[in-house]
Amino acid sequence: MKNRKLRSAYSAIKDSQVTSESLFWKRREFIKNLSLSAMGASQIAGTLLQAAAQDATGFTTAEPLSSEYVVTHHNNFYEFSTSKSKPAEMAKNFKPDLDWKVSITGEIEKPGNYSLEDILRWTNIEERIYRLRCVEAWSMVIPWKGFQLSHLINQLKPNSNAKFIEFETLESRSVFPGQKRGTLGFHVLPWPYKEGLRMDEAMNPLTFIATGVYGKDLPGQNGAPLRLIVPWKYGFKSIKSIVSIRFLDKQPSNTWHKNGPREYGFYANVNPNVDHPRWSQARERRITDESFFGVKKIPTQMFNGYADQVAHLYKGMDLDKNF
Amino acid sequence: MHYKLSKIAAHLACWIPLIYLIYAVNNRMLGADPQEEMMNQLGLWTLRFLLIGLSITPLNRIFKFPGLVKYRRMLGLYAFMYLILHISIFFVFFLETNIGYLWDETIERPYITVGMLAALMLLPLVITSTRKMQRRMGRHWKKLHKLVYPIAILGITHFIWQSKSDLNEPLIYLIWLTFILGYRVYYSKFKT
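The shown structure was predicted, so the numbers you read here are calculated from the model rather than taken from an experiment.

*Asks:* If you had to explain the overall build of chain B to someone new, which residues and values would you point to?
*Replies:* Helix and strand counts for chain B come out as 9 helices and 0 strands. For a compact globule of 192 residues, the expected C-alpha radius of gyration is about 16 Å, and chain B comes in at 18 Å, within 12% of that figure. Relative to its full complement of 192 residues, chain B shows a buried share of 25%. Within chain B, residue pairs in contact and separated by at least 24 positions form 60% of the contacts whose partners lie at least 6 positions apart.

See the structure below:
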């Protein structure tokens, strides 16, 4: 009984919040026209309005969205494959349902094994349009659907020892063939994939758990059914297909850092002034669509353009060292 | 006549990867970032042509099939063609045709330094690839064209160095190269 009610509530969310790609574009056209007409009226008012369209919360942006095709067909999801195009095909049968289990443990009041259903009951689904900046220097603008991580954390009631959170992706060679050894016997990465956040980073209003994209449920290749989004950090922090959330008193390690400590840090904040040892981070390749000229180089912004919302978290820290 | 036909067929075969890539780009078959995929594929084909060319001598000696030698020059030149396209895409789309960026990247990124070095070393070999030059240079020609070995080593190094974490594929190429070089060392030591 309770179950059925929840299930319908979940699908109700889906139905009422479905926003097709075309509707997204119309909505954004409207915002653009709004700011354009204001520009005509007065240069200053126009600039102000554009700033407003950028949104002081950082929850949305007026930049052109990356097409649904590129968002769902350009995925660094090494659990499937190191090729960015293959996960879309390989994830076809990976369709987690409401029974997806997440083990939530550590320094909280009520540790336990919770289902996706429980988690959705505690939170409200909303839409966010975020920039995603990959450490490989490409980026997209993506309309996510999901909930603010702090809302979930508040439900879990962490105690004062909870200083960090560690997330873990599902480990299953039947679901994720990329977790098997490669042709020459090497694992691509040490599995399962792990990521971590400092508590204040996790509680920042920008930090989000995506359950969907482009108004639809999250496709497998995008990290179904629960995927972390930390828009001011490089994409590898946005851990996919989460099965474990642990509240810890010590800083956990994270997979890419373990794999290459010189190249990938724990913080992984987007920073145009600190290069990756093998390539520059000063500019990025913004992918808008899959045509040959659908990619343009643009400058990378400090904290991926979210400095107003998050710079205070790192006050006094040496960002060259804590990359 | 037979010789000519097989040569034409070989030329056509060398164009197939490029024709396929252009077809794939036009039909949006290269994924969400076709520029990068195109660049990577062109780079891979450069290495493949280079390694196929270098495999001819060992194959020749092991299987007694001397007919292949006449394709070596051609394979080297096609490797160069794919290399030029590979670098052009990098320069136009990744460096926005900015010579300053090209210099910075070449100096600062070791895997690009290595790749560029290999490309520059290939230039004199291309320039002296004609029969006329071969005749004019005599024994120096052979010496100069030994450069192809360090070029191949640098090329494979460039490939391994730029890969993020999955070494399975680059190492297959490394094994291939090791066989090619190893066989030559073995042959010069024990078979002459």
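Still more to cover.
*Asks:* Tell me about the interface of chain B and chain A, and please be specific about residues and values.
*Replies:* Contacts between chain B and chain A engage 16 residues on the former and 23 residues on the latter. Of all the secondary-structure elements, those providing two or more residues to the side of chain B that touches chain A are α2 (34–63) and α9 (168–190) of chain B. Its residues assigned to classes, the side of chain B that touches chain A comprises 7 nonpolar, 4 polar and 5 charged.

*Asks:* For the packing of helix α5 (residues 110–127) of chain B against helix α8 (residues 148–162) of chain B, give the residues involved together with the corresponding values.
*Replies:* All names here are of chain B. Two elements in contact, α5 and α8, have axes whose closest approach is 8 Å; the angle formed by their N-to-C orientations is 155 degrees. On the basis of their axis angle, the class for α5 and α8 is roughly antiparallel. Helix-helix and strand crossings are classified by hand; for α5 and α8 the assignment is left-handed. Each of Pro110, Tyr111, Val114, Gly115, Leu117, Ala118, Met121, Leu122 and Leu125 in α5 lies in contact with α8, whose residues at this interface are Val148, Pro150, Ile151, Leu154, Gly155, Thr157, His158, Trp161 and Gln162.

*Asks:* Lay out helix α3 (residues 72–94) of chain B with the relevant residues and their values.
*Replies:* Residues and elements named next belong to chain B. Between its terminal C-alpha atoms α3 stretches 32 Å, which fits the 33 Å expected from 23 residues at 1.5 Å a residue. Among the residues of α3, Leu75, Gly76, Tyr78, Ala79, Tyr82, Leu83, His86 and Phe93 are the ones counted as buried. With its phi angle positive at about 50 degrees, Glu96 sits one or two positions after the end of α3.

*Asks:* Describe unusual backbone geometry, listing the residues and the values that go with them.
*Replies:* All names here are of chain A. Following Trp191, the chain continues to Pro192 via a peptide bond in cis, the omega torsion being -5 degrees. Looking at where Pro192 falls in the secondary structure, it is placed in the loop between β5 (164–169) and β6 (194–198). Looking along the chain, the bond that leaves Ala224 and enters Pro225 is cis, with omega of -5 degrees. The phi dihedral of Ala137 falls on the positive side, at around 75 degrees, and the residue is not glycine. Relative to the elements of secondary structure, Ala137 occurs in the loop between β3 (126–133) and β4 (138–148). Taking the number of C-beta atoms within 10 Å as the measure of exposure, Ala137 has 19 and is therefore partly exposed.

*Asks:* Report on the sheet that holds strand β1 (residues 101–106) of chain A, specifying residues and quantitative values.
*Replies:* To summarise the sheet geometry, strands pair through backbone hydrogen bonds and adopt either a parallel or an antiparallel arrangement. All names here are of chain A. Taken in spatial order, the 5 strands make up an open sheet running β2-β1-β10-β5-β6, and their pairing is mixed. The open sheet is flanked by β2 (112–115) and β6, the only strands paired with a single partner. Each neighbouring strand pair of the sheet contributes to a mean axis angle of 20 degrees, computed without reference to strand direction. Sheet topology places β1 next to β2; 4 bridges connect them, and they run antiparallel. Opposite Ile104, over in β2, you have Gly112 as the bridge partner.

*Asks:* Let's hear about the packing of α2 of chain B against α9 of chain B: which residues, and what values?
*Replies:* All names here are of chain B. Interaxial distance between α2 and α9 falls to 10 Å at its minimum, and their mutual angle equals 35 degrees. Pair α2 / α9 crosses with left-handed handedness. Here Leu47, Leu51, Leu54, Ser55, Pro58 and Arg61 of α2 lie close against α9, whose contacting residues are Tyr173, Trp176, Leu177, Ile180, Tyr183 and Tyr187. In terms of residue class, the contact of α2 with α9 is made up of 10 nonpolar, 1 polar and 1 charged.

*Asks:* Please provide a residue-by-residue account of the pairing of β1 of chain A, values included.
*Replies:* Remember that side chains alternate between the two faces of the sheet whenever the strand is regular. All names here are of chain A. By the alternation rule, side chains of β1 split into Val102, Ile104 and Gly106, which are all buried, and Lys101, Ser103 and Thr105, of which none is buried. Between the antiparallel neighbours β1 and β2 lie 5 residues. Where β1 lies against strand β10 (residues 242–248), 4 bridges are found, and the strand directions are parallel. Bridging across to β10, Ile104 finds its partner in Ile245.

*Asks:* Can you explain the confidence of the model for chain B? Please cite residues and give values.
*Replies:* Across chain B, the average pLDDT comes to 91, with 96% of residues at or above 70. Confidence estimates for the predicted assembly give a pTM of 0.80 and an ipTM of 0.76.

Cut-offs used in this document
Residues numbered from 1 in each chain as written. Chains lettered and ligands numbered in written order. Predicted model: local features only at pLDDT ≥ 70, side-chain atom pairs only at ≥ 80, totals over all residues. Helix = DSSP H or I, 4+ residues; strand = E, 2+ residues; numbered from the N terminus. Rg over C-alpha atoms; globule rule 2.2 N^0.38 Å. Buried ≥ 20, exposed ≤ 12 C-beta atoms within 10 Å, placed from the backbone. Contact = placed C-beta atoms within 7 Å. Nonpolar A, V, L, I, M, F, W, Y, C, P; charged D, E, K, R; others polar. Axes fitted to C-alpha atoms, helices over the stretch in contact; angles between N-to-C directions. Parallel < 35°, antiparallel > 145°, perpendicular 65-115°, else oblique. Left-handed = near helix turned anticlockwise from the far one by under 90°. Expected span 1.5 Å × (residues − 1). Pairing = 2+ DSSP bridges. pLDDT = per-residue confidence, 0-100.

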